[in-house]
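Summary of structural features
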Amino acid sequence: DGDSYGVLPRPCHALVLLNPQSGSGRALDDFQAVVQPMLAEADIATTVFVTERAHHAHEKVRDEDLSQWDTLVVMSGDGLLFEVVNGLMERPDWREAMKKPLCILPGGSGNALAASINYYAGYDHVAKKKLLTNCTFILCKGLYTQMDLVSLSTASGKRFFSFLGFGWGFISDVDIDSEKYRWLGSARFTLGTLQCLAKLRVYQGRLSYLPVAAEQGGSAPAPRDGPAPVTNGHIPQPAGTAAPGSLPPDSLLPPLGQPVPAHWTVVPEEEFVLVYAIYQSHLGTNLLMAPAARLHDGCIHLFYMKAGISRVTLLKLFLAMSRGTHLDLNCPHLSYVPVRAFRLEPRVPAGVMTVDGEALACEPVQGQVHPRLCRVLSG
Ligand code: ADP
Ligand code: MG
């Protein structure tokens, strides 16, 4: 449809939010040496905003007059883009603000969205400077499309908008434990994986989800009389209560205190090595976790690994994940299901949870997809 794709105007003015501490600390040098010359050729002028601390970019885009910029470019890892998305969603005019095309240039150690966009665009698998060059080329071309976001709510009342994924257990532990090896660049995840394998832990909790297939199955025939059927699993919302500027309601989710609807699936096992809800193909430059994922597929790709898996099998799965062939191994401990919504209720607050690679206190969380909520440069 007409809203799905667009192109940046020329000449074009980009606000670049750059974290000088991201990755191995070379983002500013790389920007000046690699990015700026290419953008100059493409008639894209830049104003660089160098972040001085965490949350700086969040505040900047929340309060900024956006009319002066044609695109917001993030030169960092996924963490800074997470700040930008959530800063924009805090604006009273978020609906308008989210139409501003966003662009990710990999400057961090975790560059999952950049790797995913490189993959969707059909380019060869690359990392480091080559990935940066490909993503800069995508910005030069100026084509953007819509991207789904996932709204995550926690038991303590926090709400986040996430573009990459939510995790608990093994992978999230690696992500956070390996922060201290940031200077290694993306190799920090390889080292972190081996360290976490050594002290493999089990996480107890209940996982439930609304499978995409539940909408097509017709297992519950709609009555011809009586109450109107609940279509697409939507929970009726009180009408006329949404104030202008209020955030999009999570129409698939009952409050966290209430049980999930009957057409949801509750996983019978309650001991996990990991749970990961990912909405992009890549979880890192060398982790092709959800090869079928696309920017606006309307899907959360839910993976969970049950306890009892051996370390050797787990290592095999992670090695296969670098090529995206882990599901071909048909490991009985690994499950994959495309869903619209999920809920995770840890039995005790153990382990780290992550949203787009950023740590979160461990507590009950649920989320649902909001199709096409923002726009992103995609080649
Ligand atoms: P990386 O992939 O290397 O982790 P991110 O973009 O994810 O890079 O950034 C990591 C964190 O650094 C983010 O949570 C962000 O808030 C924070 N941050 C941003 N600017 C700065 C800064 N100048 N100094 C320290 N931390 C910063
Ligand atoms: Mg990060």
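Residues numbered from 1 in each chain as written. Chains lettered and ligands numbered in written order. Predicted model: local features only at pLDDT ≥ 70, side-chain atom pairs only at ≥ 80, totals over all residues. Heavy atoms only, no water.

Re the pattern of salt bridges
The final tally for this structure, using the stated rule, is 14 salt bridges. Here Arg53 and Glu59 are joined by a salt bridge, their closest N and O atoms 3.3 Å apart. By relative accessible area, which is 44% here, Arg53 ends up partly exposed. With a closest N to O distance of 3.7 Å, Glu90 and Arg62 form a salt bridge. Of the two residues, Glu90 sits in the loop between helix H3 (78-89) and helix H4 (94-97) while Arg62 sits in helix H2 (residues 56-63), which places them 28 residues apart along the sequence. A residue is classified by how much of its surface remains accessible, and Glu90, at 47% relative accessible area, is partly exposed. The exposure class assigned to Arg62 is partly exposed, which follows from its relative accessible area of 30%. One network of salt bridges, with partners in common, ties together Arg62, Asp63 and Glu90. (Salt bridge = Lys/Arg side-chain N within 4 Å of Asp/Glu carboxyl O. Buried < 20%, exposed > 50% of the residue type's maximum accessible area, 1.4 Å probe, protein only. Helix = DSSP H or I, 4+ residues; strand = E, 2+ residues; numbered from the N terminus.)

Topic: helix H5 (residues 112-120)
Among the nine residues in H5, eight count as buried, and that is most of the element. Along H5, the residues classified as buried are Ala112, Leu113, Ala114, Ala115, Ser116, Ile117, Asn118 and Tyr120. Contact partners of the buried residues in H5: H3, strand S5 (102-106), helix H6 (128-141), strand S6 (143-154), strand S12 (282-284) and strand S18 (365-377). Looking one or two residues beyond H5, the residue adopting positive phi is Gly122, at roughly 85 degrees. (Contact = heavy atoms within 4.5 Å.)

Quick word on the packing of aromatic side chains
Taken as a whole and assessed by the stated rule, the structure comprises seven aromatic pairs. Ring geometry for Trp168 and Tyr203: centres 5.3 Å apart, planes at 55 degrees, overall tilted. Within this pair, whereas Trp168 is found in strand S8 (residues 165-169), its partner Tyr203 is found in strand S9 (residues 203-211), the two being separated by 35 residues in sequence. Under the relative-accessibility criterion, Trp168 is labelled buried at 2%. (Phe/Tyr/Trp six-rings, centres within 6.5 Å; stacked < 30°, edge-to-face > 60°.)

Here we look at the domain arrangement of the chain
Here the chain is partitioned into domain 1 (5-148) and domain 2 (154-213 + 251-374). A straight line from the C-alpha centre of domain 1 to that of domain 2 covers 25 Å. In this assembly, 29 residues from domain 1 lie in contact with 37 residues from domain 2. Between domain 1 and domain 2, roughly 3,000 Å² of surface is buried when both sides are summed, and carbon and sulfur atoms account for 63% of that area. Summed over the shared surface of domain 1 and domain 2, the result is 17 residue pairs in polar contact (both at pLDDT 80 or more). At the level of elements, H3, H5 and S6 are the ones that each hand at least two residues to the side of domain 1 that touches domain 2. A breakdown of the residues in the side of domain 1 that touches domain 2 according to their chemical character gives 15 nonpolar, twelve polar and two charged. (Domains from an automatic or database assignment. Buried area = accessible area lost by both parts, 1.4 Å probe. Polar contact = N/O pair within 3.5 Å; in protein donor to acceptor, adjacent residues only side chain to side chain. Nonpolar A, V, L, I, M, F, W, Y, C, P; charged D, E, K, R; others polar.)

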